[in-house]
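For reference, the chains in residue letters:
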Amino acid sequence: MNSSSDMQFMHLALREAGKGLGRTSPNPCVGAVIVKDGRILAKGYHKKAGTPHAEVNAIRKASEAVSGATIYVTLEPCNHTGKTPPCSRLIVESGISRVVVGMTDPNPLVNGKGIEFLRNHGVEVISGILEKECEDINQPFIKHITKRIPWVIMKAGVSLDGKLNYRQGQSGWITGEQSKLAVHKLRDRVDAILVGRRTVEIDNPSLTTRLSGGKGKDPVRIIVDSQLSAPLSAKVYRVDSPAPTWVFHAADAPQSRISQFLANGVQLYPLDRRGQGLDLSQLLGILGKKDICSLLVEGGARMHGAFLKGKLFDYAHLFYAPVFAGDDGIALIEGHQVPGRGSAPRLTDVRYKRHGDDMQVSGKLYYTT
């Protein structure tokens with residue numbers, strides 16, 4: 001089978017993998033397609049951690065015997081027993097003779113061992129087909145499994161002059177309805193969403209996912225509130241949601257406020273101080289230990305500034321509305337000075353997408369120094 005056919009079927013496997021976005025954490029999103037004599041026998045994807053892997057689902061769904069077939073899988077088949085049996089052995093036992101892999105699994109328990117097992121048992125293995133695309137869909141998993149901290153995403157809706165709202169201290173939605181829908185789709189795909197105290201006080205957000213048909217998955221809601229001064233009457237503490245709300249605060253926050261929050265069932269996590277704020281690296285380490293693989297930071301300006309200053313953002317989604325907010329609005333970034341273009345953080349691999357009159361600008365964060 002030629003390489004163009006391999007890429008074609010790997011694209012289908014990637015489409016299958018995408019069906020698991022936001023549902024498989026801390027596992028990766030994986031898709032599989034089984035092909036024999038140019039015919040697709042089955043497709044499958046990993047639906048949720050602890051459930052069968054993509055290869056298993058595809059083999060089980062095959063319309064006929066898979067002996068002698070090729071399986072396209074976006075991630076190297078596992079070769080260890082976790083919550084599910086090893087996929088590499090099932091592939092050998094099924095009689096599949098050729099495996100096309102998108103990317104090697106960075107998990108130290110796998111990391112080439114699955115491919116080695118297959119080759120040692122006479123299975124032809126080709127790897128690296130659409131490798132970048134397979135890596136892109138699993139950046140949160142890759143970072144978490146290698147560094148034990150989440151993939152951190154900056155998200156903001158801003159005016160053309162870079163403002164988050166129209167007047168300081170007042171809530172003011174900048175972007176349109178189509179951008180709002182795109183944001184809720186982002187929330188549906190991440191493990192957690194984070195805002196600072198001022199965002200809670202000014203915007204009073206619920207930080208839930210609202211998609212048609214009630215299909216959205218609420219992320220864990222994370223509030224950074226140094227002195228626990230935001231009101232407990234805020235929506236984020238009262239919302240009816242299966243996802244919890246976690247609050248990260250300074251270790252020296254008033255004991256009276258700590259007691260009040262705990263009495264209201266809010267989970268609290270103390271952090272050390274770092275500079276003028278809290279140690280956000282420590283926060284990410286705690287989230288990593290709790291299997292949070294992706295974190296969407298929605299603001300406000302101080303949070304964006306602190307994460308940028310700490311070089312903690314991995315990716316950004318910025319939604320620009322065709323309006324000018326004027327002098328009274330809050331700027332996108334606060335608390336992070338850049339001396340010049342040469343040292344400015346920037347986006348790479350930039351992508352643009354239109355939402356009505358709004359423009360979404362997305363890309364990986366690159367830090368020059």
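Structure's up top.
The rules behind the values
- Numbers given to residues run from 1 along each chain, matching the order in which its sequence is written.
- Totals for whole chains, interfaces and linings use all residues, but because this is a predicted model, local features are given only for residues with pLDDT of at least 70 and pairs of side-chain atoms are given and counted only at 80 or more.
- With hydrogens and water set aside, each side-chain value is computed from the structure's full complement of heavy atoms.
- Think of it this way: any DSSP run of H or I at least four residues long counts as a helix, any run of E at least two long counts as a strand, and we number them from the N terminus.
- Atoms considered for the radius of gyration are the C-alpha atoms alone. The globule rule reads 2.2 Å times the number of residues to the power 0.38.
- The buried label goes to any residue with under 20% of its type's maximum accessible area, the exposed label to any with over 50%, and the partly exposed label to all in between, with areas taken from a 1.4 Å probe on protein chains only.
- Pairs of residues are marked as contacts when any of their non-hydrogen atoms sit within 4.5 Å.
- Put simply, a patch holds well-exposed residues, over 30% relative accessible area, that have no salt bridge, with like charges counted together within 9 Å and Val, Leu, Ile, Met, Phe, Trp or Tyr side chains within 5 Å.
- Areas reported as accessible are Shrake-Rupley estimates using a 1.4 Å probe. Residue values count occlusion only from the protein chains shown.
- What makes a salt bridge here is a side-chain nitrogen of Lys or Arg within 4 Å of a carboxyl oxygen of Asp or Glu, nothing more.
- Counting rule for disulfides: a pair of cysteine sulfur atoms within 2.5 Å.
- As a rule, the C-alpha atoms of each element are fitted with a line to give its axis, helices using only the stretch in contact, and angles between N-to-C directions run from 0 to 180 degrees.
- Oblique is the label for every angle not falling under 35 degrees (roughly parallel), over 145 degrees (roughly antiparallel), or within 65 to 115 degrees (roughly perpendicular).
- Helix crossings get a hand from a simple test, with the near helix turned counterclockwise from the far one by less than a right angle marking a left-handed crossing and a clockwise turn marking a right-handed one.
- The classification used treats Ala, Val, Leu, Ile, Met, Phe, Trp, Tyr, Cys and Pro as nonpolar, Asp, Glu, Lys and Arg as charged, and all other residues, Gly among them, as polar.
- Read the arc as the range of directions from the helix axis to the C-beta atoms.
- One bridge is not enough; two strands pair if DSSP finds at least two bridges between them.
- Buried Ala, Val, Leu, Ile, Met, Phe, Trp, Tyr and Cys residues that are joined via side-chain atoms within 4.5 Å together make up what is termed a nonpolar core.

(A) Structural view of the overall build of the chain. Secondary structure assignment for the chain yields 12 helices and 16 strands. Here the C-alpha atoms of the chain give a radius of gyration of 23 Å, agreeing with the 21 Å that 2.2 N^0.38 yields for 369 residues. Referenced to the eigenvectors of the C-alpha coordinate spread, the extents of the chain come out at roughly 65 × 45 × 45 Å. Taken across its 369 residues, the chain has 50% of its residues classed as buried. Sequence separation of 24 or more characterises 70% of the internal contacts of the chain that already satisfy a separation of 6 or more.

(B) Quick look at a nonpolar patch on the surface. A cluster of nonpolar side chains, namely Val350, Tyr352 and Met359, defines an oily patch on the protein surface of about 290 Å² accessible area. When you line up the elements, Val350 lands in strand S15 (residues 346-355).

(C) Local environment of the state of the cysteines. Counted according to the given criterion, the structure contains 0 disulfides. We note that Cys87 lacks a disulfide partner, and the nearest cysteine sulfur, in Cys78, lies 3.8 Å from it.

(D) Up close: the packing of helix H2 (residues 54-61) against helix H3 (residues 87-94). Taken N-terminus to C-terminus, the directions of H2 and H3 make an angle of 25°; their axes are 9 Å apart at the nearest point. Considered as vectors, H2 and H3 are oriented roughly parallel to each other. In terms of crossing hand, the pair formed by H2 and H3 is left-handed. Taken together, the residues of H3 that come into contact with H2 (itself represented by Glu55, Val56 and Ile59) are Cys87, Leu90, Ile91 and Ser94. Split by residue class, the contact of H2 with H3 holds 5 nonpolar, 1 polar and 1 charged.

(E) Representation of H3. Among all positions in H3, only Cys87, Ser88, Ile91 and Ser94 are buried. Viewed end-on, H3 has its buried residues packed into an arc of 130°, placing them on one side of the element. Each element contacted by the buried residues of H3 is listed here: H2, strand S3 (70-75), strand S4 (98-103) and helix H4 (113-120). Of the residues one or two after H3, Gly95 is the one with positive phi, at around 90°.

(F) How the structure looks around the sheet that holds strand S13 (residues 294-299). Reading across from one edge, S10-S9-S8-S7-S13-S6-S14-S16-S15 is the order of the 9 strands in this open sheet, with mixed pairing throughout. Edge positions in the sheet fall to strand S10 (267-271) and S15, since each of these pairs with one other strand and no more. Across the sheet, the axes of successive neighbouring strands diverge by a mean angle of 20°, strand direction being ignored. As defined by bridge partners, strand S7 (residues 192-196) adjoins S13 across 4 bridges and the pair is classed as parallel. For Leu194, the partnering residue across the bridge sits in S13 and is Val297. Contacting strand S6 (151-158), S13 and strand S16 (358-366), helix H6 (residues 139-147) runs over the sheet at an angle of about 135° to S6. Helix H12 (residues 301-309) contacts S6, S7, strand S8 (220-224), S13 and S16 of the sheet and is inclined by roughly 130° relative to S13.

(G) Main features of the sheet that holds strand S5 (residues 124-127). Strands sit in the order S2-S1-S3-S4-S5 across an open sheet of 5 strands; the sheet is mixed. Single-partner strands in this sheet number two, and they are strand S2 (39-45) and S5. Averaged over neighbouring strand pairs, the angle between their axes works out to 15° when direction is ignored.

(H) Spatial organisation of unusual backbone geometry. Looking along the chain, the bond that leaves Ser25 and enters Pro26 is cis, with omega of 5°. Phi is positive for Leu228, which is not a glycine, with a value near 55°. One non-glycine residue, Lys311, lies in the positive phi region at around 55°. By the element assignment, Lys311 lies in the loop between H12 and strand S14 (315-320).

(I) Fine view of the environment of Thr70. As for its position among the elements, Thr70 is in strand S3. With relative accessibility at 7%, the residue Thr70 sits in the buried group. Between the alpha carbons of Thr70 and Gly95 there is a distance of 9.8 Å; along the sequence they are 25 residues apart. Among all residues touching Thr70, those that are not within four sequence positions of it are Val33, Ile34, Val35, Arg98 and Val100.

(J) How the structure looks around the pattern of salt bridges. For the structure shown, the criterion picks out 19 salt bridges. Taking the shortest distance from any N to any O, the salt bridge between Asp188 and Arg23 comes out at 2.8 Å. Of the two residues, Asp188 is situated in helix H7 (residues 177-189) and Arg23 in the loop between helix H1 (3-18) and strand S1 (31-36); the sequence distance between them amounts to 165 residues. Look at the salt bridges and you will find they share partners, linking Lys132, Asp136, Arg351 and Lys364 into a network.

(K) Geometry of the nonpolar core. Among the nonpolar cores identified, the biggest contains 40 residues, and Met10, Ile34, Tyr72 and Val99 are the most heavily contacted of them. Contributing elements (two or more residues each) for this core: H1, S1, S2, H2, S3, S4, H4 and H6. No other element matches H1, which puts 6 residues into this core. Dropping the residues within four chain positions of it, Met10 is found in contact with Tyr72, Val73, Thr74, Val100, Val101, Gly102, Ile129, Leu130 and Cys134. Counting residues in each nonpolar core, the second largest holds 32 residues, with Val158, Leu278, Leu284 and Leu312 among its members.

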